[in-house]
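Chains, contacts and geometry: an overview
Residues per chain are reported as follows:
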Amino acid sequence: MSATHAHDHDHGHGHSTAHDHHGPPAGITRWLYTTNHKDIGTMYLWFSFFMFLTGGTMALLIRAELFKPGLQFLDPEFFNSLTTVHGLVMVFGAIMPAFVGFANWLIPMQVGAADMAFPRMNNWSFWLLIPAALLLMSSFFMPGGAAASGWTLYPPLIIQQGIAVDMTILAIHILGASSIMGSINIITTILNMRAPGMTLMRMPMFVWTWLITAYLLIAVMPVLAGAVTMLLTDRHFGTSFFNAAGGGDPTMFLHIFWFFGHPEVYIMILPAFGIVSHIIPAFARKPLFGYASMVYATASIAILSFIVWGHHMFTVGMPAAGNLFFMYATILIAVPTGVKVFNWISTMWRGSMTFETPMLFAVGFICLFTIGGFSGLVLALAPVDITLHNTYYVVAHFHYVLVSGALFSIMGGIYFWLPKWTGHMYNEKLGKVHFWLSMVGFNVAFFPQHFLGLAGMPRRIPDYALQFAEWNAISSIGAFIFGFSQLLFLYNIIECIRSGRTSTQKPWEGADSLEWTHLPTPVPYHTFETAPVIR
Amino acid sequence: MEKQRRNAIITGVVLALMAIAIYGVVVLKYMVR
């Protein structure tokens, strides 16, 4: 990558301490009116952390209920609401905003821009999240409770529920608008505001993965918006888009939803690939192996993600040719994904590796995400999926992809860039304890769910047959270990911000993108007032 | 700088129109069926 070739002399005049008087205003107005990409990035990250703890609390309620057979303390309808809102909160409230937080913090710094292209819209994108989250969470207090159809919102069930569904639909519309505005900002920044010499094929991998992710978002978020708008008109305005009694087709919703839903999976994992592609070279002290192939693999995954949605609905009765098409197309995604895993491992090969917390999370990511990828291949096989559909095998699969994939990369990324963002080092020992507790807790929680699924335990049920008791108890214990270990993470971040020891300019000697080579630590309030020149 | 600003606005508008068009196509496709 290019950053290693950049002029170091920019370090001095790009942002001197003379600019400090342009610092942030004091008090709440700083956060309400800010157009600064770092402030907005910080708010995104804290918002997503709060939503992560909220969604995690729901997950622990679910696992507590499932600790042993029989109904323990949750009403079954409330249980269904919990699984639904847990999914929505984690997808739209935790993982996506976390990556947008990273994008806000890092993209201007990594391309050598002063800020995002549309700073006011950036502020609006963030503040839209708050009413959306309030709508979603307050729907629990509506008559009949929160939406209970699963995060996929399938009709006809979703048509029959109360006002909470309308609140959920409105929340999804607002979240979608926020995502689209964020994506427009990201694409425009990357395409128009790169420093002289920062050609596309010199951009850091995180920037590349976000450029492709932002295009995916603009392509599919309106599709989800269209689907939920039609749900709304079916519920209140007498249309029958998805109502068989009126000539509509509930299966059509599945097609539209998953045309959004599968690219959405890649929206949640491509930026993770970007983060890991920074951490591994830094701690292997080698440049990323196969940079160009990484870029092409990312683009290939994004393109393929549009033609595989049918693998979520092998059991709806598509023609065999349709099932075969979606099966083969899905298997094909393993090729570019394999290229990525190969490149990360090749980057580590014969590197001078050390295993600080970010690297532990990155290596943990590779191991566990690959397990999630392989169980995805198992589910991609149409005949196998017909047996495993709607079982805990699917739950295990997507948690391996989204927790040990997306979430581990977010945690690794936070440890990696915290010194740059705050000017302080986190507690390394505590970071490692957090990693190992997360690693053990996660695997204890989710690996047994493969066995449960293979044995036939259906998902989204508050009670189950006796033969599933042991693995469920073990899974719940793991979930509690994983859940409570995140409090260590929170403590470590707060301790780092408040009283961590001062970080050096570049605490990771192998890190080579512009924010490490061209900007002091911590980063000044205004990033590049003069664009750096990249050779 | 002015040119960069103009290009940024054009890019942003084109992307926004793209998103609105996709939303319109999804809803209209099934409305006129």
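Up top you'll find the structure we're talking about.
These remarks concern the structure in this document. Every value quoted in this text rests on a predicted model; they were computed, and no experiment measured them.

A look at the overall build of chain A
A count of helical and extended segments in chain A gives 19 helices and 0 strands. Against the globule reference of 24 Å for 535 residues, chain A gives a C-alpha radius of gyration of 23 Å, in line with a compact fold. Viewed in the frame of its principal axes, chain A has a C-alpha envelope of about 70 × 50 × 45 Å. Within chain A, buried positions represent 61% of all 535 residues. Contacts spanning at least 24 positions in sequence make up 83% of the contacts within chain A whose residues lie at least 6 apart. Element-wise, carbon and sulfur atoms account for 71% of the exposed surface of chain A, whose accessible area totals about 19300 Å². Placing the 21 positive and 22 negative side-chain charges of chain A at their respective mean positions leaves the two points 9 Å apart.

Focus: the overall build of chain B
When you go through chain B residue by residue, the secondary structure sums to 1 helix and 0 strands. Along the longest, intermediate and shortest principal axes, the C-alpha atoms of chain B span 50 × 10 × 5 Å. Counting only residues that meet the buried cut, chain B has 24% of its 33 residues in that class. Total accessible area computed for chain B in this model is approximately 2600 Å², and 71% of it derives from carbon and sulfur atoms.

As for a nonpolar patch on the surface
A contiguous nonpolar patch, built from L191, L200, M201, Y215 and Y296 of chain A together with M18 of chain B and spanning about 520 Å² of accessible area, is present on the exposed surface. Structurally, M201 of chain A is set in the loop between α7 (163-192) and α8 (205-236).

Examining the packing of aromatic side chains
Each aromatic ring pair is described using two quantities: the centre-to-centre distance and the angle formed by the ring planes. Residue and element names in this part refer to chain A. For the coordinates displayed, the defined rule picks out 52 aromatic pairs over all chains. Aromatic side chains F289 and F342 sit 6.1 Å apart centroid to centroid with 70° between the ring planes, which places their arrangement in the edge-to-face category. Placement of the pair is F289 in the loop between α10 (270-284) and α11 (291-304) and F342 in helix α13 (residues 334-348), with a sequence separation of 53 residues. Here F289 falls in the partly exposed class, since its relative accessible area comes to 41%. Judged by centre distance (5.7 Å) and plane angle (80°), the rings of F447 and F451 are edge-to-face. Highlighted residues: F447 and F451, both in helix α17 (residues 428-454), separated by 4 residues, approximately one helical turn. For F447, a relative accessible area of 34% puts it in the partly exposed group. For F451, a relative accessible area of 34% puts it in the partly exposed group.

Observations concerning α13 of chain A
Residue and element names in this part refer to chain A. If you check α13, its first and last C-alpha atoms are 21 Å apart, about what 15 residues at 1.5 Å a residue would give, namely 21 Å. Among all positions of α13, only P336, T337, K340, V341, N343, W344, S346, T347 and M348 are buried. Where the residues of α13 are buried, they touch α8, α10, α11, α12 (320-332) and α14 (357-380). Backbone geometry just after α13 places R350 at a positive phi near 60°.

Regarding the nonpolar core
Residue and element names in this part refer to chain A. Ranked by size, the top nonpolar core spans 185 residues in total, and within it F92, F102, W210, W344, F365 and W421 carry the most contacts. The element that contributes the greatest number of residues to this core is helix α4 (residues 76-111), accounting for 21 residues. When residues no more than four places from it in sequence are discounted, the contact partners of F102 are L45, I107, F206, I275, I410, G413, I414, W417 and W421.

Regarding the interface of chain B and chain A
Each partner contributes to the interface: chain B provides 17 residues, whereas chain A provides 21 residues. Across the interface of chain B and chain A, roughly 1600 Å² is buried in total on both sides, 79% from carbon and sulfur atoms. Contact with chain A buries area across many residues of chain B, yet L15, Y23 and Y30 of chain B alone supply 32% of it, more than any other trio. At the surface where chain B touches chain A, the tally comes to 0 salt bridges.

Remarks on the packing of helix α3 (residues 37-65) of chain A against helix α5 (residues 119-138) of chain A
All names here are of chain A. Two numbers describe how α3 lies on α5: the axes approach to 10 Å, and their chain directions differ by 15°. When the interaxial angle is binned, α3 and α5 end up roughly parallel. In this structure, α3 crosses over α5, and the sense of that crossing is left-handed. Facing α3, whose interface residues are H37, I40, M43, Y44, F47, M51, T54 and M58, α5 presents P119, N122, N123, S125, F126, W127, L129, I130, A133 and M137. Residues belonging to the contact of α3 with α5 are distributed by class as follows: 13 nonpolar, 5 polar and no charged.

Topic: the pattern of salt bridges
Residues and elements named next belong to chain A. For the coordinates displayed, the defined rule picks out 3 salt bridges over all chains. R30 is paired through a salt bridge with D39; the nearest N and O atoms lie 2.6 Å apart. Overall, the relative accessible area of 22% leaves R30 in the partly exposed class. In this structure, D166 engages R235 in a salt bridge whose closest nitrogen and oxygen atoms are separated by 2.8 Å. Of the two residues, D166 is situated in helix α7 and R235 in helix α8; the sequence distance between them amounts to 69 residues.

Regarding α5 of chain A
Residue and element names in this part refer to chain A. The terminal C-alpha atoms of α5 lie 30 Å apart, and with 20 residues this matches the ideal 28 Å at 1.5 Å per residue to within 8%. Burial in α5 covers these residues: N122, N123, S125, F126, L128, L129, A132, A133, L135 and L136. Here the buried face of α5 lies against α2 (28-33), α3, α4 and α7.

Re the environment of F52 of chain A
Turning to its location among the elements, F52 of chain A is positioned in helix α3. Excluding residues that lie within four positions of it along the chain, F52 of chain A makes contacts with M90, A94, L407, M411 and Q486 of chain A.

Here's the deal with the side chain of H518 of chain A
Relative to the helices and strands, H518 of chain A resides in the segment after α19 (514-517). A polar contact is formed between the side chain of H518 of chain A and the side chain of T517 of chain A, at a distance of 3.1 Å.

Section: the environment of Q505 of chain A
Residue and element names in this part refer to chain A. Within the secondary structure, Q505 sits in the loop between α18 (469-499) and α19. Given a relative accessible area of 27%, Q505 falls into the partly exposed group. Sequence separation between Q505 and N185 is 320 residues; the distance between their C-alpha atoms is 29 Å.

A word on the side chain of D234 of chain A
All names here are of chain A. Along the chain, D234 turns up in helix α8. At 2.6 Å, the side chain of D234 and the side chain of T239 are in polar contact. Reaching out from D234, the side chain makes a polar contact with the backbone nitrogen of F242 at a distance of 2.8 Å. Discounting residues that sit within four places of it in the chain, D234 has contacts with I159, T239, S240, F241, F242 and N243.

Rules of the game
- Residues numbered from 1 in each chain as written.
- Chains lettered and ligands numbered in written order.
- Predicted model: local features only at pLDDT ≥ 70, side-chain atom pairs only at ≥ 80, totals over all residues.
- Heavy atoms only, no water.
- Helix = DSSP H or I, 4+ residues; strand = E, 2+ residues; numbered from the N terminus.
- Rg over C-alpha atoms; globule rule 2.2 N^0.38 Å.
- Buried < 20%, exposed > 50% of the residue type's maximum accessible area, 1.4 Å probe, protein only.
- Contact = heavy atoms within 4.5 Å.
- Areas by Shrake-Rupley, 256 points an atom, 1.4 Å probe, with all protein chains shown as cover.
- Lys, Arg positive; Asp, Glu negative; His and termini not counted.
- Charge placed at Lys NZ, Arg CZ, Asp CG, Glu CD.
- Patch = residues over 30% accessible without salt bridge, like charges linked within 9 Å, V, L, I, M, F, W, Y side chains within 5 Å.
- Salt bridge = Lys/Arg side-chain N within 4 Å of Asp/Glu carboxyl O.
- Phe/Tyr/Trp six-rings, centres within 6.5 Å; stacked < 30°, edge-to-face > 60°.
- Expected span 1.5 Å × (residues − 1).
- Core = buried A, V, L, I, M, F, W, Y, C linked by side-chain atoms within 4.5 Å.
- Buried area = accessible area lost by both parts, 1.4 Å probe.
- Axes fitted to C-alpha atoms, helices over the stretch in contact; angles between N-to-C directions.
- Parallel < 35°, antiparallel > 145°, perpendicular 65-115°, else oblique.
- Left-handed = near helix turned anticlockwise from the far one by under 90°.
- Nonpolar A, V, L, I, M, F, W, Y, C, P; charged D, E, K, R; others polar.
- Polar contact = N/O pair within 3.5 Å; in protein donor to acceptor, adjacent residues only side chain to side chain.

Everything listed is a geometric property; what it means functionally is a separate question.
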